[in-house]
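The residues making up each chain are set out below.
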Amino acid sequence: MKIINKIILGSAFLVSISFALQSCLNLNEEVYSEVLAENFRPGERDIPAIIAPVYGSLRALMMGWQGHFDVQEESADVIVTPARPNGWYDGGTYVRMHQHTWTPLQWQPTNLWNSSYRSVTTANRVISQIEDGEIQISEGREEVIAELKGVRAFAYYLLLDNHGNVPIVTDFRDVSLPEQSDRTTLYNFIIEEIENVLPSLSQDANSTYGQMNYWVAKTLLAKIYLNAEVYTGTPQWQKVIEVCDEIIAGGVYSLDPVYSDVFHWENQNNQEIIFAIPYDEIFGQGNTVHMKTLDPLSRFVYGMQAGPWGGNCAVPQFIDSYDEEDGRLYDTWIQGPQRHANTGEVVITYRKEVPSIAATASNDGYRIGKYQIKPSATGSLDNDFPFFRYADVLMMKAEALLRTGNGSEAASLVSEVRTRAFANSNPAKATVSAAVLEGNSRYQYGYQNLDGSIDLDSGVIPFGGFLDELGWEFAAEAHRRQDLIRFGVFQTKSWFNHRPHPQAQDKIIFPIPETEINNNPNLVQNPSY
Amino acid sequence: MENFTKLKSIVAIGLMLTFHFGSSQTYASIMLDDSRSSDGVVEARAVSSMDKTISGTVYSTEDGLTMPGVSVVLKGTTRGTATDIDGSFTLEVPDNGGTLVFSFVGFETQEVAVANQSVFEIKLKPDITSMNEVVVVGYGTMRKGDVTSSIGGVKEEDFVKGAVRDAAQLIQGKVAGFRVTTPSGDPAAGTEINLRGLNSINGTNQPLILIDGIPGTMNTVAPEDIESIDVLKDGSAAAIYGTRATGGVVLITTRKNSEGRNTVNYNNYMSVQTIQRRPQLLTGDDYRRLIAEEGIAYTDYGGNTDWIGEMLQTPISHNHNLTFFGGNSTTNFTGSINYRDWDGIFKRTGQERLTVRADLNHSMFGDKLRANVQVINRVIKAARGGADGYAFRQAMIRNPTDRVRDEQGNWQERDGYFYENPISRIYEYSSESRNNEMRMSGSLSYNPIDDLDLKLLVSNVQNNNIFGGATTFSHTDTWLNNRNSSANRSTNAYNENLVELTGNYSKSIGKNYFTVLGGYSWQDAVYEAFEASNWNFPTDLYTWNNLGAGAALANGQAAMGSTKNKWQLAGFFGRFTYNFDDKYLLMASVRREGSSRFGANYQWGTFPAASVGWRISNEPFLKGVRNVDEIKVRAGYGVTGTIAGNPYLSQISYNFDRGQGAYVGGNWVQGFIPTRNFNPDLRWERKLEYNVGVDFSFFQDRISGAIDFYRRNVNDLLYNFPVPVPPYLTGNIMLNAGTMRNEGMEFLLNFTPIKKGDFVWNSNFTYSTNRNKLVNLSNEQFDVSREFFNAGGTGEPIQDYTHRVEVGGPIGQFFVWKSVGVNEDGLWLIENQEGEVIPITDAVPEDRQFYGNGIPKHIIGFNNSFTYKRFDLEVNMRGAFGHDILNFQRMFYENPKNIAYNMLNTAYDPVYGQRLNSDLAYVSHYIESGDYLKLDNVTFGYSFPGRGIMQNARIYASGLNLFVLTKYQGIDPEGVSILGFAPGNDERDKYPTTRTFTLGLNISF
């Protein structure tokens, strides 16, 4: 009996403690530092935050480390990143960009793919959440969806231009491995998407700065038509003219009389900017164009709160193509002696010459100064990046006119754009003739030897004069690769330490990233990669 | 079989469940074949022609206390009895006497001739054969002879001596298959541990470390405060710990006052350290010679600075440990104070540590209720400068003709990419960190009836950290980034609770002995952290102590962050052991465990285990064989798990993120983004392990040891799977997607080659080998599959991955361009995929191949201790064979191409007959054999005889990491991380390993 008592006592001890521990079976994870989907009921005021990531990824994509800017500029004839005494060989990545010897492992186009699809997938996600009622929007639902689809079309345009044959994904809920589309299908998809959303897009440019609106969509359409021949084999010059005419007639945008103001650190809401990718040194970081281009010593010139890295610079042949009285030569490039902000001492003198991509001095080559560096700048600039601006619309129309035999009308548009560039030096030079635009380029194409001499490649470039105008106007605006391809220069010409690639025609689109080929067996690599 | 309470206090083994030992006579190590172990037998027998009655008392030589329950048998008969609670016995014996056999578990059996004697005073000696040693197993202890799984244990007297960092280093090289290395020479760094290969990709590979049953780390208690360390290696042993046990379980038992002794023990040592091996760089004179003779365009600033020498110091460290034992058998106390102040070989590095422990035991109601309270408080402080791996890199690459300071006494800075004065970094940055850990635990054990023990264990651990760091106006950051003093402060707090309830019942019926364990365990933990930074201070005198004074906060540039998470783990467990006649052993256990880290459908899992053993040596056919003490074969199977390392992984949740924000509607807003690609079906990894082994002991234990073979399959590997973008949002999703296998062999041999008079030589040899294979990497639900993943990175400017783990292959393989020569242009010649030799400039990624593996195939430990009279000498060796190391130091610094940086003095030496003129590149030339044999620890000691109140004293001198036999050209072939998926990368930015010399003193009063 005694034993039984003890067992009872012991069991009671066990049971009472077990009861005390009942609460200790709750295994729900308490979430503190994340927002649980089930606890968040988004309302109207959350809409900006919900759609923001669609744009947010464009910031890193455009001016971030090895982003879109580098993809468009380093593969072309205006900007090069040569090895410096402090590095900048980086396993040959810049040499590959310059010589078009990139592989599916090349990071820059991979980065572009990832950022573009991040916008695409984010747009898909938000669209499906709105459609499923997870996000309740009482008013303006159609407009929000149209905007999202518009940005998605923009992201697909980047993929169309750079990778060509990519999967089209529009449904977030479908996670099956997507099939690849060819470039023409993608082209048609984007055109159709834009046409569909246009009626629902806002025409108020002021309240939609930095966002997809009616005018941005129209400019995007013009841009795609401008390159239609590259994308599909069929040119669409007439459509370029029609769309540009509508934008011009809209009267919403105009040329800024001061060229440099378009790129100023306070360029927000500039009259010329149609689609900006806004940056802010605090809230919207990521514009690091100055960090990559300036020598570390330039930090003293601007009293910078960061040490620049000292990498890319202008290709000397391009600098040589400028008219010396063209204001854009000085608005775009930092050159000559640079003085300490406080002492006035010369800290570095940037010279035009760049001996080779393999080895340079720290002061070789003019630096990108288009995006003006504000005093005490940090590692991240305030300047918004003008992805589309009004001058671009004028020049697109001019090119379409020029190519459809309307040289004089084209010349007057180009002259209009040139006016401010010569306003302070020699206004007469602003006017340009159709013959010049149709004629050969002033750019001395050819391979540059170590001693600076050029193995001249004097073959005539059709409409080379017009290509020059694009170069001067849009230098360091991530336009050049696309323009060179359209004018055939990308595939055929030598410049600096670049010679035409043996499979040059295949290099006009980038390879599908190796990681994506590995992850999605439905993808077929682009030719010759 | 009653009244064992007193006996239990004799065989006291801490407060864990002690029933295994005391309760059965079947445990007597050697029983006569015809003996009956039950007490009733003799009394029941009809008394025949008994001529005389003898009586006596049995004592233990260990503590002099009486021993109840000792079997007393008249040899050659079935006649016998057992001692009562006072250790007394009476027995009728024939007139002509005979021989009495006294036997008891854990003690040597004694035979005494009766002759004419009628009163006996018997003293039983503890049986010291290895099979009777007590080993700590999950939730209890077991006699080693009864263990049916793979467990390694090391006792205090066999620990590694000298300046050890933590508990793991105490058993370095002593437990087969349990690899301990010290890849960093930083005095604040710990050890790296690996047991039976890599078993998880994203979960932890670390073992569960329990200090007296409560989870902790290898430095929770001071090494001097540890009595024994046991390692549960295989799944059948570890499965009782469920999801925390895949990396094995390490059970640390602290020193306890078991016998009511009253002593004070003081332990002190001092040590000095030197760098293990110094990299030989070009000197200033070398620069001038190369400029003059070869026209190499170095800049000569005229000086001759030994930058590494400027960075190093010869640190003196000291350690003090004071331990008190006091009380009696019902109430006793153990207290210890441990203080250590260690400095590192880099200037301004070091760490101070104070650990105070108090352990109080009390027993009541005739030992039916026992209570324990333990408090461990540890304070770790480190006040340091800016000497780190990056500063070491700067010392390696800095121009040796340059000077440390200019004429004005300012730091000499130069422009350059990642090129900073290392000495200025050391002196112009300061930090202070303080870690406080308070552990409180209490337990109550209650025996309502004999053989049943109920126990409640509760504990609370609070770990708090606070850190502050700041640069001065003279720091490079001011020169480079115009940031005038930059300071940050961070703090975090971790609070963990444990409640465990166990019931243990044991019983012997005839030759059957069984134990049943049942229990419940609850753990929860909360982690909270906060950090803030600021810069542009009006003065650098505030350091981190007036963070608001910086301008960056006002400008909106300063950063701030905080986070919090919590996890819970609940488990029910049970274990059954059965022993028949000391020959056949069975153990079966199961744990049902639930974790909050997984989605609702996958929170609970079951972890069963079973093992069997056969003590062949106790079979009749081996029974009488001389020189065979023990042969036991055993086999086991067990399932353990691994939990995802991070919180919230199975949640569908979002975050506001500034980086994904944008300018929308005329305002800057933060982006509302999903935190991850969602996978609410996440569950834990399951490891299924088979283990077979043999334990043996021969020649009166002169030779003993164990051999184990195992295979472990880890299923449902947690892997951050690369998924295509689109359709996924981001490029990775955490999935259960794969199977990994490890199989191997472990061998342990303890032997005593010489035992002659005053001279004893004891040896211990361990060997282990492991083979690893990634069996597959796929997930059907998400329809993803992968053939390989890449791991490791060279860092810039090479910017390449170093390893590839391929399905069907092992972890640790280097994946590299195989260099086979150098051409006349000084370019590497690479063997391409077709086997042709091409210059590196033509090589493509597809030309890479597998070349060597960073994980050793064979690991040995060879430990010897010699004692002669009062002298003792220990010589420990360790080795690892069959592996390769990527020597980053040579890859970056043994190449003359980039003259902006200094290099090794071998950089201009011809490679394949040519001077290199190739960019820095990752090629197989830099992958070297990492095989080594290390004379790791030599300790020489002398013990003084006790005198007056001094019971004993010992002085010793010790050297750690003394001598290495290796072809490896880097600093230390063992100073390389063995964990993760890029093992064998001897990184460029490092805190080099050291050689340590120690002088120590040990006194007891």
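Criteria and thresholds
Residues numbered from 1 in each chain as written. Chains lettered and ligands numbered in written order. Predicted model: local features only at pLDDT ≥ 70, side-chain atom pairs only at ≥ 80, totals over all residues. Helix = DSSP H or I, 4+ residues; strand = E, 2+ residues; numbered from the N terminus. Rg over C-alpha atoms; globule rule 2.2 N^0.38 Å. Buried ≥ 20, exposed ≤ 12 C-beta atoms within 10 Å, placed from the backbone. Contact = placed C-beta atoms within 7 Å. Nonpolar A, V, L, I, M, F, W, Y, C, P; charged D, E, K, R; others polar. Pairing = 2+ DSSP bridges. UniProt positions renumbered as here; feature names shortened; annotations may be inferred. Axes fitted to C-alpha atoms, helices over the stretch in contact; angles between N-to-C directions. Parallel < 35°, antiparallel > 145°, perpendicular 65-115°, else oblique. Left-handed = near helix turned anticlockwise from the far one by under 90°. Expected span 1.5 Å × (residues − 1).

Caption draft 1: Representation of the overall build of chain B. Regarding its fold elements, chain B presents 13 helices and 54 strands. A compact globule built from 1005 residues should have a C-alpha radius of gyration of about 30 Å, and chain B, at 32 Å, falls within 12% of that. With respect to the principal axes defined by its C-alpha atoms, chain B has extents near 110 × 65 × 65 Å. In chain B, buried positions account for 50% of the 1005 residues.

Caption draft 2: Broad picture of the overall build of chain A. Across its full length, chain A carries 21 helices and twelve strands. Dimensions of chain A, computed from the C-alpha atoms along their principal axes, are close to 115 × 55 × 45 Å. Taking all 529 residues of chain A together, 55% fall into the buried category. In chain A, the proportion of contacts linking residues at least 24 apart, taken out of those at least 6 apart, comes to 68%.

Caption draft 3: Geometry of unusual backbone geometry. Residues and elements named next belong to chain B. Although it is not a glycine, Asp 212 sits at a positive phi angle of roughly 50°. Along the chain, Asp 212 turns up in the loop between strand E13 (208–211) and strand E14 (214–215). We classify Asp 212 as buried; it has 26 C-beta atoms within 10 Å. Backbone geometry at Asp 367 places phi at a positive 70°, although glycine is not the residue there. Note that Asp 367 resides in the loop between strand E20 (350–364) and strand E21 (369–384).

Caption draft 4: Structural view of the interface of chain B and chain A. Chain B puts 74 residues into the contact, and the matching count from chain A is 77 residues. For the side of chain B that touches chain A, the secondary-structure elements that each account for two or more residues are strand E23 (452–471), helix H10 (476–481), strand E24 (486–509), strand E25 (512–535), strand E26 (560–580), strand E27 (584–595), strand E30 (653–664) and strand E31 (667–674) of chain B. Ranked by residues supplied to the side of chain B that touches chain A, first place goes to E30(B) with eleven residues. In terms of residue class, the side of chain B that touches chain A is made up of 37 nonpolar, 27 polar and ten charged. By the bridge criterion, two bridges tie strand E1 (residues 35–36) of chain A to E30(B) in an arrangement that is antiparallel. Each residue of the ladder has a partner; that of A:Val35, found in E30(B), is B:Tyr654.

Caption draft 5: Spatial organisation of the UniProt feature "domain: TonB-dependent receptor plug" (unreviewed entry) in chain B. Residues given the UniProt feature "domain: TonB-dependent receptor plug" (unreviewed entry) here are residues 145–249 of chain B. Counting secondary structure, residues 145–249 of chain B comes out at 8% helix and 26% strand; the distance between its end C-alpha atoms is 20 Å.

Caption draft 6: Layout of the sheet that holds E31(B). One open sheet holds the three strands; their spatial order is E1(A)-E30(B)-E31(B), and the pairing between them is antiparallel. Strands with a single pairing partner mark the edges of an open sheet, and in this sheet they are E1 of chain A together with E31 of chain B. In the packing of helix H2 (residues 47–63) of chain A onto the sheet, contacts are made with E30 and E31 of chain B, and the angle to E30(B) comes to roughly 65°.

Caption draft 7: Local environment of the packing of helix H6 (residues 141–162) of chain A against helix H7 (residues 183–197) of chain A. Residues and elements named next belong to chain A. Close contact between H6 and H7 brings their axes to 9 Å; oriented N to C, the two are set at 155°. Put simply, H6 runs roughly antiparallel to H7. Between H6 and H7 the crossing geometry is left-handed. Taking contact as the criterion, the partners of Ala 146, Lys 149, Gly 150, Ala 153, Tyr 156, Tyr 157 and Leu 160 in H6 are, on H7, Arg 183, Leu 186, Tyr 187, Ile 190, Glu 193, Ile 194 and Val 197. For the contact of H6 with H7, the residue count by class is ten nonpolar, one polar and three charged.

Caption draft 8: Expanded view of helix H8 (residues 214–226) of chain A. Its 13 residues place the ends of H8(A) 18 Å apart at the C-alpha level, agreeing with the 18 Å of an ideal helix rising 1.5 Å per residue. Of all 13 residues in H8(A), 13 are buried, a share of seventy percent or more.

Caption draft 9: Inspection of the UniProt feature "domain: TonB-dependent receptor-like beta-barrel" (unreviewed entry) in chain B at higher detail. Mapped onto this numbering, the UniProt entry gives "domain: TonB-dependent receptor-like beta-barrel" (unreviewed entry) at residues 416–962 of chain B. Annotated as 5% helix and 59% strand, the span residues 416–962 of chain B places its first and last C-alpha atoms 39 Å apart.

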